[in-house]
Amino acid sequence: MSVELLSRIQFAMTISFHYVFPPLSIGLGMLMFFFELIYVRTNNVLYYNLARFWSKIFAIIFGMGVATGVVMEFQFGTNWANYSRYIGDVMGSVLAAEGLLAFMVEAGFLSIVLLGWDRVSKKFHLFSTFLVWLGSMFSALWIVIVNSWQQTPAGYHIVQRADGSYRAEVSDYMEMIFNPSSMDRFLHVILSSLLCGLFLVISIHAYYILRKKYIKSSLLAIRTASMSGLVLIILQIASGHQSALIVAEYQPEKLASYEGHFDSNKPGNLYLFGWVNQEQKTTKGIYIPKMLSFMISADPDMKLIGLNDFKEEDLPPVNIVFQTYHAMVALGMAMLGLLGLLVFSFKNRWLLKNKWFQLVSSVSVLMPLLAVQLGWFSAEIGRQPWIVYHLMRTKDGVSTNLSAYDLWFSIIGFGIIYIFLTGLFFFTVRRQVVAGIKKYK
Ligand code: HEM
């Protein structure tokens, strides 16, 4: 295997592992804040106990996010040195902002959240919880900005160095930050993260109900999570649509890949599922005719730019992009269905009566976690062969001094460490779940 492919495999492996924890902490941060807010306003101690229980699990997830995130920054230097030189001016300033403005707030106030329950006033504790949640979202904001810049670069100019190589320098900071896809992408990512945290709460409390434990607190937690979740998933579908409009405008070959649309002389169809044969330039499956054109332009007969208009070497692996994208959308719809059921089953207490419903709900956290990975794969693989869209190819971003041997060594090393970390994560979370919701008040 080539050094480029191995570097990509290593990056995919480390970032996919990392990308489990920040979304969970963003979503959990919101619910911790909600639980505590309800407690402060109503004095209902069940919410206090819930907030305290979840703050411990939050701390474990936060720790995992930090441990796995540090790897990413080193990896840019070791495996993607040419890319880092090229994008350094953009990435350096944004990552510094992330560290100083977001991570410090989150990490600093987390200590008050964890240790300050009986030491600071109710309101100051609530404020600290809010800042932890805000810090986690602010952290995501800067990361999403860099990522979006790679997708839709703006506010830069290209400078040639003395050694003949090129680099992108920021010429307009605001334009760089508010590049065409950053804010829509941020909204979509934040909503997906909130859903991850909400579903984690639903899963653990559905598990408690399955085991006939902490029924009263668990029903309260599931009610708070599923009611907020139902609103968020509807917003998520709308924000996904908005993201698709941006992709249509700035990355038409990516949009065409999402729906396997080859012929520019025809309107675009919307596939429910299907299979793309890139060599034969065909897409087969079940689709709604002209619906893609209608959703993009409100005109069902609008012709959309097709994959045939691009050189083969400028296209991503279309079927992978198609499948990952459609799986994300399908999971979004499944989440809508489950959240709807949960909300509408409060009245007849169906969750308490039906074992299958409890079982499905207790593993439901896998849905948003998987959707996040798949959505991200579709966005990133859909950008290929570019590491910076239309400016730098992925093969040109890789470090030149690495051998395949080095990469196998580090991939296996990371694999072993991540297996250990996964074990540690499940062990510590399980311990908290088994210890249960204590009656602090
Ligand atoms: C159900 C309807 C949905 C639609 C129409 C939709 C649409 C989209 C589109 C068009 C993109 C690509 C953006 C780009 O390439 O620039 C995207 C990316 C993504 N989606 Fe969705 N999505 C949906 C549901 C979900 C759900 C339920 C989740 C997770 C809970 C999710 C998580 C993501 C993530 C993490 C990305 C990658 C964002 C990035 O580039 O950083 N999506 N989605």
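Small disclaimer: the values here were computed from a predicted structure and weren't measured.

Explanation requested: the overall build of the protein chain in the structure shown.
Helix and strand content of the protein chain: 16 helices and six strands. Against the compact-globule benchmark of 22 Å for 441 residues, the protein chain has a radius of gyration of 23 Å, which places it among compact chains. For the protein chain, with 441 residues in total, the buried portion stands at 41%. Across the protein chain, the fraction of contacts at a sequence separation of at least 24, relative to all contacts at a separation of at least 6, is 75%.

Can you walk me through the pairing of strand 2 (residues 166-170) in this structure?
A regular strand places its side chains so that they alternate between the two faces of the sheet. In the sheet, strand 1 (residues 156-160) pairs with strand 2 via five bridges, with the strands oriented antiparallel. Looking across to strand 2, one finds that Q160 is bridged to Y166. Connecting strand 1 to the antiparallel partner strand 2 that follows it, the hairpin turn spans five residues, and G164 within it adopts a positive phi of roughly 90°.

Whenever I open this one, the nonpolar core confuses me. Can you help?
L31, F35, L50, W54, V90 and L195 are the most contacted members of the largest nonpolar core, which has 103 residues in total. It is helix 7 (residues 182-210) that provides the largest number of residues to this core, a total of 16 residues. Apart from the residues within four sequence positions on either side, V90 is in contact with V146, W149, Y156, A168, V170 and M176.

What is the right way to look at unusual backbone geometry in this model?
Cis peptide bonds are those with omega within 30 degrees of zero, and the linkage from Q384 to P385 qualifies with 10°. Looking at the secondary structure, you find P385 in the loop between helix 14 (366-381) and strand 5 (386-388). Despite not being glycine, A298 shows a phi value in the positive range, around 65°. Secondary-structure assignment places A298 in the loop between helix 10 (291-297) and helix 11 (318-344). Positive phi, normally seen in glycine, also occurs at H390, with a value near 60°. Relative to the elements of secondary structure, H390 occurs in the loop between strand 5 and strand 6 (392-393).

I'm lost on the environment of L219 in this one. Help?
Within the secondary structure layout, L219 lies in helix 8 (residues 215-250). L219 gets classed as partly exposed once you count the C-beta atoms within 10 Å, which come to 18. Sequence separation of L219 and H205 is 14 residues, and the distance between their C-alpha atoms is 7.6 Å.

Teacher, can you tell me more about the packing of helix 1 (residues 3-18) against helix 3 (residues 45-79) here?
Packed helices, taken two at a time, are described by the angle between their axes plus the distance between the axes. Between helix 1 and helix 3, the shortest axis-to-axis distance is 9 Å and the interhelical angle comes to 160°. As far as their axial angle goes, helix 3 and helix 1 are roughly antiparallel. Helix 1 and helix 3 meet at a crossing whose hand is left-handed. Contacts from S7, Q10, F11, T14, I15, F17 and H18 in helix 1 reach T68, G69, V71, M72, Q75 and N79 in helix 3. For the contact of helix 1 with helix 3, a count of residues per class yields five nonpolar, eight polar and no charged.

What am I meant to see in the site of the ligand here?
Within the structure, the ligand sits among 29 residues, and S192, G240, G332, G375 and A379 are positioned closest to it. Elements with a minimum of two residues in the shell around the ligand: helix 5 (122-151), helix 7, helix 8, helix 11 and helix 14. In terms of residue count, helix 8 provides more of the shell around the ligand than any other element does, seven residues in total. Residues that form the shell around the ligand fall into these classes: 15 nonpolar, twelve polar and two charged.

Before we go on, may I ask you to explain the packing of helix 1 against helix 16 (residues 404-435) in this structure?
Direction vectors running N to C along helix 1 and helix 16 enclose 15°, while the axes themselves pass 9 Å from each other. With respect to helix 16, the axis of helix 1 lies roughly parallel. Helix 16 is crossed by helix 1, and the crossing has left-handed handedness. Every residue of helix 16 that contacts helix 1 at V3, L6, S7, I9, Q10, M13, T14 and F17 is listed here: A404, L407, W408, S410, I411, F414 and Y418. Taken together, the residues that form the contact of helix 1 with helix 16 break down as eleven nonpolar, four polar and no charged.

Would you take a moment to explain the environment of V329 for this structure?
Along the polypeptide, V329 turns up in helix 11. You can call V329 buried: it has 21 C-beta atoms within 10 Å.

Mind showing me how you'd approach helix 16 here?
Given 3.6 residues per helical turn, the α-helix brings residues three or four places apart onto the same face. An ideal rise of 1.5 Å per residue puts 46 Å on 32 residues; helix 16 measures up with 46 Å between its terminal C-alpha atoms. G436 sits one or two residues past helix 16 and shows a positive phi near 80°.

Even after reading the chapter, I still don't get the pairing of strand 4 (residues 282-288), so can you show me in this structure?
Bridge analysis of strand 3 (residues 270-277) against strand 4 gives seven bridges, and the strand direction is antiparallel. Each bridged residue has a counterpart across the sheet, and for N277 the counterpart in strand 4 is T282. Taking the residues that link successive antiparallel strands as the turn, the strand 3-strand 4 hairpin has four residues, and the phi of K281 there is positive, at about 55°.

Just to check I follow, could you spell out the environment of L421 for this structure?
Mapped onto the elements, L421 comes out in helix 16. A count of 15 C-beta atoms within 10 Å places L421 in the partly exposed class. C-alpha separation for the pair L421 and T68, spaced 353 residues apart in sequence, amounts to 9.2 Å. The residues contacting L421, other than those within four sequence positions of it, are M64 and A67.

Calculation rules
Residues numbered from 1 in each chain as written. Predicted model: local features only at pLDDT ≥ 70, side-chain atom pairs only at ≥ 80, totals over all residues. Helix = DSSP H or I, 4+ residues; strand = E, 2+ residues; numbered from the N terminus. Rg over C-alpha atoms; globule rule 2.2 N^0.38 Å. Buried ≥ 20, exposed ≤ 12 C-beta atoms within 10 Å, placed from the backbone. Contact = placed C-beta atoms within 7 Å. Pairing = 2+ DSSP bridges. Core = buried A, V, L, I, M, F, W, Y, C linked by C-beta atoms within 7 Å. Axes fitted to C-alpha atoms, helices over the stretch in contact; angles between N-to-C directions. Parallel < 35°, antiparallel > 145°, perpendicular 65-115°, else oblique. Left-handed = near helix turned anticlockwise from the far one by under 90°. Nonpolar A, V, L, I, M, F, W, Y, C, P; charged D, E, K, R; others polar. Near = placed C-beta within 6 Å. Expected span 1.5 Å × (residues − 1).

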